[in-house]
Amino acid sequence: MGEKNGYLPFPKSFKTICIHHTKEPKRETCKETMAPIVTSNICRLESAGGPSQVIKGRLLNPTRSVLENLIAKLCKTKYALTYASGIGAIAAVFSLLKSGDHLLCNDDIYGGTSKTLIQVCPNFGICTSFVDLTDLKSIPEYIRRNTKLIWTENPTNPTLEVMDLCGLSKVAHEHKLMLAVDNTFLSPYLQRPAELGVDLVVNSVTKYMNGHSDVIMGVVCTSRDNLYERLKFIQQRHFNHGSSTV
Ligand SMILES: Cc1ncc(COP(=O)(O)O)c(C=O)c1O
């Protein structure tokens, strides 16, 4: 193409190329053996027989789905949902509560969690009693009409208190409460709380689960369909786009 008035000619289809050129990526004949890192913040979901749907990355990202499926398998749960940090995962669990709800939390707990419960959750009408959850017999006396959740870590940060998770799950379920455990210190390699009856298992992937100090991430694992559906909605603010874990 020659120059026009000193400028390179502007191809007619330039804007079209800008917008559409990458829409039909050519599949190579070889298949990757490791899950590729998909950085596109939009994906197209093909449905058999029907029209394909375009979905934003917060709702569905193939790399995230691979990771969530893997973590769910490691944690022996049906589902896993990943978040931008451990504290993000923790905040997602507290988002299951509503104004007027109450929860029990162990009195030794990671500072970021206790600050969330003391300085953030009350702004949304959610209040917490910090109690000794190693003393199973005393727990029923702290349970109120509006108690919805028992939250602990096992072992705890920083004093490494150890909980009886089977016992806690029995007390929680007798009183129709959810039991959530932050499993960061042991990771699924050493402890899989869902197998002991825990409803929601949180890990700061940032720590031992990643193990290389080069990732900030959190995950919530559960096998309870209703909790997964609610968490997925809270994460996406959208209904039912490609449940990531199966
Ligand atoms: C037990 C526990 N849970 C959660 C977190 C927060 O994780 P993140 O730094 O990924 O937000 C920490 C951080 O120290 C922790 O020790």
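Predicted, not measured: the structure shown is a model, and the values here were computed from it. (Residues numbered from 1 in each chain as written. Predicted model: local features only at pLDDT ≥ 70, side-chain atom pairs only at ≥ 80, totals over all residues. Heavy atoms only, no water.)

Colleague: So what exactly am I meant to see when it comes to the overall build of the protein chain here?
Modeller: Secondary structure summary: the protein chain contains 9 helices and 9 strands in total. When the 246 residues of the protein chain are sorted by exposure, 42% land in the buried category. When the accessible area of the protein chain is evaluated, it comes to approximately 14600 Å², of which 58% is carbon and sulfur surface. (Helix = DSSP H or I, 4+ residues; strand = E, 2+ residues; numbered from the N terminus. Buried < 20%, exposed > 50% of the residue type's maximum accessible area, 1.4 Å probe, protein only. Areas by Shrake-Rupley, 256 points an atom, 1.4 Å probe, with all protein chains shown as cover.)

Colleague: What am I meant to see in the packing of aromatic side chains here?
Modeller: Both the distance between ring centres and the angle between the ring planes are used here to describe each pair of aromatic rings. Tallying each qualifying case throughout the model produces 3 aromatic pairs. With a centroid separation of 3.8 Å and an interplanar angle of 10°, the aromatic rings of Tyr79 and Tyr228 are classed as stacked. One end of the pair, Tyr79, is in strand S3 (residues 79-83); the other, Tyr228, is in helix H9 (residues 225-236), with 149 residues separating them in the sequence. Among the residues examined, Tyr79 registers a relative accessible area of 9% and is labelled buried. It is Lys207 that lies over the ring of Tyr110; its NZ or CZ is 6.0 Å from the centre. (Phe/Tyr/Trp six-rings, centres within 6.5 Å; stacked < 30°, edge-to-face > 60°. Lys NZ or Arg CZ within 6 Å of the ring centre and 35° of its normal.)

Colleague: When you look at the site of the ligand in this model, what are you seeing that I'm missing?
Modeller: Neighbouring residues of the ligand: 14 residues in total, closest Gly86, Asn157, Asp182, Thr206 and Lys207. Here an oxygen atom of the ligand sits 2.8 Å away from a polar atom, N or O, in the main chain of Gly86. The separation between an oxygen atom of the ligand and a polar main-chain atom of Ile87 is 2.9 Å. Across the complex, the protein chains shield 86% of the 400 Å² of accessible surface that the ligand would expose by itself. Elements with a minimum of two residues in the shell around the ligand: helix H3 (86-94) and helix H8 (205-209). The residue inventory of the shell around the ligand, partitioned by class, reads 5 nonpolar, 6 polar and 3 charged. (Near = heavy atom within 4 Å. Polar contact = N/O pair within 3.5 Å; in protein donor to acceptor, adjacent residues only side chain to side chain. Nonpolar A, V, L, I, M, F, W, Y, C, P; charged D, E, K, R; others polar.)

Colleague: I tried to follow the pairing of strand S4 (residues 102-106) on my own but got confused; where do I start?
Modeller: Two faces belong to every sheet, and in a regular strand the side chains alternate between them. When you tally the buried positions in S4, you get 5 out of 5 residues, the bulk of the element. Relative to strand S5 (residues 127-131), S4 runs parallel, the two being bridged by 5 bridges. Looking across to S5, one finds that Cys105 is bridged to Phe130. Bridge analysis of S4 against strand S6 (residues 147-153) gives 4 bridges, and the strand direction is parallel. The partner of Leu104 across the bridge, within S6, is Ile150. (Pairing = 2+ DSSP bridges.)

Colleague: Whenever I open this one, the nonpolar core confuses me. Can you help?
Modeller: Grouped burial of nonpolar side chains is what soluble globular proteins tend to show. Ranked by internal contacts, the top residues of the largest apolar core, which has 27 residues, are Val93, Trp151 and Leu200. Only S3, H3, S4, S6, strand S7 (178-182), strand S8 (200-204) and H9 provide two or more residues apiece to this core. When residues in this core are grouped by element, the largest group, 5 residues, is from H3. (Core = buried A, V, L, I, M, F, W, Y, C linked by side-chain atoms within 4.5 Å.)

Colleague: I keep staring at the sheet that holds S6 and nothing clicks. Help me out?
Modeller: Hydrogen bonds between backbone atoms are what pair the strands of a sheet, whose relative direction is either parallel or antiparallel. Pairing within the open sheet is mixed, and its 7 strands lie in the order S3-S9-S8-S7-S6-S4-S5. Bordering the open sheet on either side are S3 and S5, each of which pairs with just one other strand. Averaged over neighbouring strand pairs, the angle between their axes works out to 20° when direction is ignored. In terms of strand pairing, S3 meets strand S9 (residues 218-222) through 5 bridges, oriented antiparallel. Bridge pairing in S9 links Leu81 to Val220. (Axes fitted to C-alpha atoms, helices over the stretch in contact; angles between N-to-C directions.)

Colleague: I would appreciate a short explanation of a positive patch on the surface in the present structure.
Modeller: Residues Lys56, Arg58, Arg230 and Arg237 make up a contiguous surface patch of positive charge. Residue placement: Arg58 occurs in the loop between strand S2 (53-56) and helix H2 (62-75). (Patch = residues over 30% accessible without salt bridge, like charges linked within 9 Å, V, L, I, M, F, W, Y side chains within 5 Å. Salt bridge = Lys/Arg side-chain N within 4 Å of Asp/Glu carboxyl O. Lys, Arg positive; Asp, Glu negative; His and termini not counted. Charge placed at Lys NZ, Arg CZ, Asp CG, Glu CD.)

Colleague: Quick question: what am I supposed to make of the packing of H3 against helix H4 (residues 111-120) here?
Modeller: Each packed pair of helices is defined by two parameters, the angle between the axes and the distance between the axes. At a minimum axis distance of 10 Å, the contact between H3 and H4 shows a crossing angle of 35°. Relative to H4, H3 is oriented so that their crossing is right-handed. Counted together, Ile87, Ile90 and Phe94 of H3 and Gly112, Thr113, Thr116 and Leu117 of H4 form the full contact between these two elements. Residues of the contact of H3 with H4, tallied by class, amount to 4 nonpolar, 3 polar and no charged. (Left-handed = near helix turned anticlockwise from the far one by under 90°. Contact = heavy atoms within 4.5 Å.)

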